[in-house]
Structures are given as structure tokens and as C-alpha cells.
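Chain residues, written in single-letter form:
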Amino acid sequence: MTGATGSVGRHVVGRLVAAGAAVRALTRNPATAGLPEGVDVFEGDLTRPDTLRAALHGVERLYLFPVPETSREVVAAAKEAGVRRIVVLSSSSVLDESGDNHSGEHHRTVERAVEESGIDWTFVRPDEFATNVLWKWGHSVRAEGVVRAPYGNAPRVLIHEADVAAVAVTALLEDGHAGRAYVLTGPEAITQADQVRALSGALGREIRFEEITPDQARELMGRAMPAPVVEMVLGYLADATVNPPAVLDTVERVTGVPARTFAQWAADHAADFAPVAEEVAA
């Protein structure tokens, strides 16, 4: 398990443990990892492939978090250690081959390294994570009870991170997924305005939606995000207003269980939007 303490990784670890699998998790700081009892925790860093050798020894299956800068070295180390199956946390952005998609190029580099290794692989390609709402809107919801965003009527097919993990675990534990690239979406196309209404319902308090211009959003988002990512997000939203994204049933087809709705995600994360005194004061 790489990326074991991430939003998807924690769900993957939990599901593997529940299934009775022997799990070895890689983390930069084992003391603060907070992983379930029984997980074998190793210190290591994907940006330093030389730190992975001990953790990879004897491992048969690898969940790979995407770090393109060292992906070839990491995959080579996995192959040398005898890894026979790799499940990659990728992104649906790899389908955009324009060359202008920052996320697509990031994840495509990792996919190529794995595909060219000769090891059996499965690519898990989620569309937009529902957790993106936390970094986009979390502060303003907690501090002011408001969401400011452009393209309020732009629908998105947001996916719960637990559903991404469910697909990854299925590919790790079951046969029949080698050479498959699974594009994942949530079970509904839900506009940004309706996302805010769902948040209001989950939180039990009114959250206002205020439409702003793309330029205003660019300035706000640019405070916390690299410019290429800002442009990618705004581009997706603008396109969605004229080309609504398709809802796919991949999660249910692979796992046998329907994908969770955005309302379910909001309920699961209600505590993350609770007012914080420091933020309100700010």
C-alpha cells in the first residue's frame, strides 16, 4: 500500500484488513499514520525509490499512488521484488490527450511506466472526487455558511472516495481485472447549486450559494492552487454547462454495489464542515 494515509488509501487499507489480507503500508511518518491494528507499517517515500526496497520485499500486489517523477524507478523496484499485480490510482483526465491537461499528463506518466513494465495492471480512473468540495468550499462554509463559485448550473459526476477504494480493492483481491482501465463516476450528475443544497441538508443549516464570475473564481482559487489546476477546474465547469458529463455504472459493475450519492458523501463528511472558531474569527 502506497498512499496509505490518503483519502482513498485509508479506505483501501480498511477494506483489505476487513477481507483478511496481509497489508503492508508505506508512509513517510509511521508514528502518525494511525492505520488499523495488524497493518505492517514501513517508513518510506515514493519520491525516494531507494527507501521502498524493504517494504516491497515479498509483496505480491501493489496499490500505487501516482507520483510521476519517480514512477519508473518505483515500478522497477516492484518488479525486482517480485510484484505480480499493480493497481494504479489514476484519473479520468488521462482521456484528455490535448496535451494541455495538467492532471492527465501527471497520471499518464505513471500509467505508461506500469504498462511498460510487463506486470499485470489495472488502472482505476475516477472522475472528480467529491472531496474536492472540501478544499474548494470548506473554509467559506465553516466560516460564513456560503459557497461562492462560477457556473452554478454546471453538473458534475462527483464520486465518493470510498467507492474508488472499493474498485481498487476488488482489482487487488480478485482475478479478471488485469489490463482493465476503469473510469469511475458517481451515480448522478449534480449541479454545483444542488451540491450546496445537499450540503445544507447534511449539515442541518442553510448554506447559501453565490454565483461569481470565472475571473473572480480564478483569483480566489489561485490563492491555494497552481494556475494550471485552476484553469483545468474552470475548463471542466465551463464545458459541463454545454456538455453534461456521462454517468457511468462502473462502480456497481465491478463491485456489485451501487456508487454512493453526493448526499451520502456530504453526510459522511458533515463534521469536516463544522464551524471552527479560528476560521469564523478570520
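Residues numbered from 1 in each chain as written. Predicted model: local features only at pLDDT ≥ 70, side-chain atom pairs only at ≥ 80, totals over all residues. Heavy atoms only, no water.

(A) Representation of the pairing of strand E5 (residues 120–126) in the model. In terms of residue burial, E5 counts as a mostly covered element, since six of its seven residues are buried. As judged from the five bridges shared by strand E4 (residues 85–89) and E5, these two strands associate in the parallel manner. Along E5, the bridge assignment pairs Leu 89 with Val 124. As paired strands, E5 and strand E8 (residues 180–184) are joined by five bridges and run parallel to one another. Counted as the bridge partner of Val 124 is Tyr 182 from E8. (Buried < 20%, exposed > 50% of the residue type's maximum accessible area, 1.4 Å probe, protein only. Helix = DSSP H or I, 4+ residues; strand = E, 2+ residues; numbered from the N terminus. Pairing = 2+ DSSP bridges.)

(B) View of helix H4 (residues 102–115). Its 14 residues place the ends of H4 20 Å apart at the C-alpha level, agreeing with the 20 Å of an ideal helix rising 1.5 Å per residue. All buried positions along H4 are accounted for by Ser 103, Gly 104, His 107, Arg 108, Val 110, Glu 111, Ala 113 and Val 114. As for H4, its buried residues are in contact with strand E3 (61–64), helix H3 (71–81), E4, E5 and helix H9 (227–242). (Expected span 1.5 Å × (residues − 1). Contact = heavy atoms within 4.5 Å.)

(C) Molecular detail of helix H1 (residues 7–18). Along its twelve residues, H1 runs 17 Å from first to last C-alpha, staying within 8% of the 16 Å computed at 1.5 Å per residue. By the burial criterion, the buried members of H1 are Val 8, Gly 9, Val 12, Val 13 and Leu 16. Along the axis of H1, the buried residues cluster in a sector spanning 135 degrees; they form a single face. Each element contacted by the buried residues of H1 is listed here: E3, E4 and helix H6 (161–173). Of the residues flanking the end of H1, it is Gly 20, one or two places downstream, whose phi is positive at about 85 degrees. (Arc of directions from axis to C-beta.)

(D) Representation of the packing of helix H8 (residues 214–221) against H9 within the structure. Running from N to C, H8 and H9 point in directions that differ by 145 degrees, and their axes come no closer than 10 Å. The hand of the H8/H9 crossing is right-handed. Contact with H8, carried on its side by Pro 214, Ala 217, Arg 218 and Met 221, involves Val 230, Glu 231, Val 233 and Leu 234 of H9 and no other residues of that element. Split into classes, the residues belonging to the contact of H8 with H9 amount to six nonpolar, no polar and two charged. (Axes fitted to C-alpha atoms, helices over the stretch in contact; angles between N-to-C directions. Left-handed = near helix turned anticlockwise from the far one by under 90°. Nonpolar A, V, L, I, M, F, W, Y, C, P; charged D, E, K, R; others polar.)

(E) Inspection of the packing of aromatic side chains at higher detail. Per the counting criterion, the structure on display carries three aromatic pairs. Aromatic pair Trp 121 and Phe 123: ring centres 4.0 Å apart, planes at 15 degrees, arrangement stacked. Summarising the burial analysis for this pair, Trp 121 and Phe 123 share the class buried. Considering the side-chain rings of Trp 265 and Phe 273, the 6.1 Å spacing of their centres and the 75 degrees angle between planes classify their relative orientation as edge-to-face. Both residues of the pair, Trp 265 and Phe 273, belong to the buried class. Feature note: the residues Phe 262, Trp 265 and Phe 273 constitute an aromatic cluster, connected by ring pairs. (Phe/Tyr/Trp six-rings, centres within 6.5 Å; stacked < 30°, edge-to-face > 60°.)

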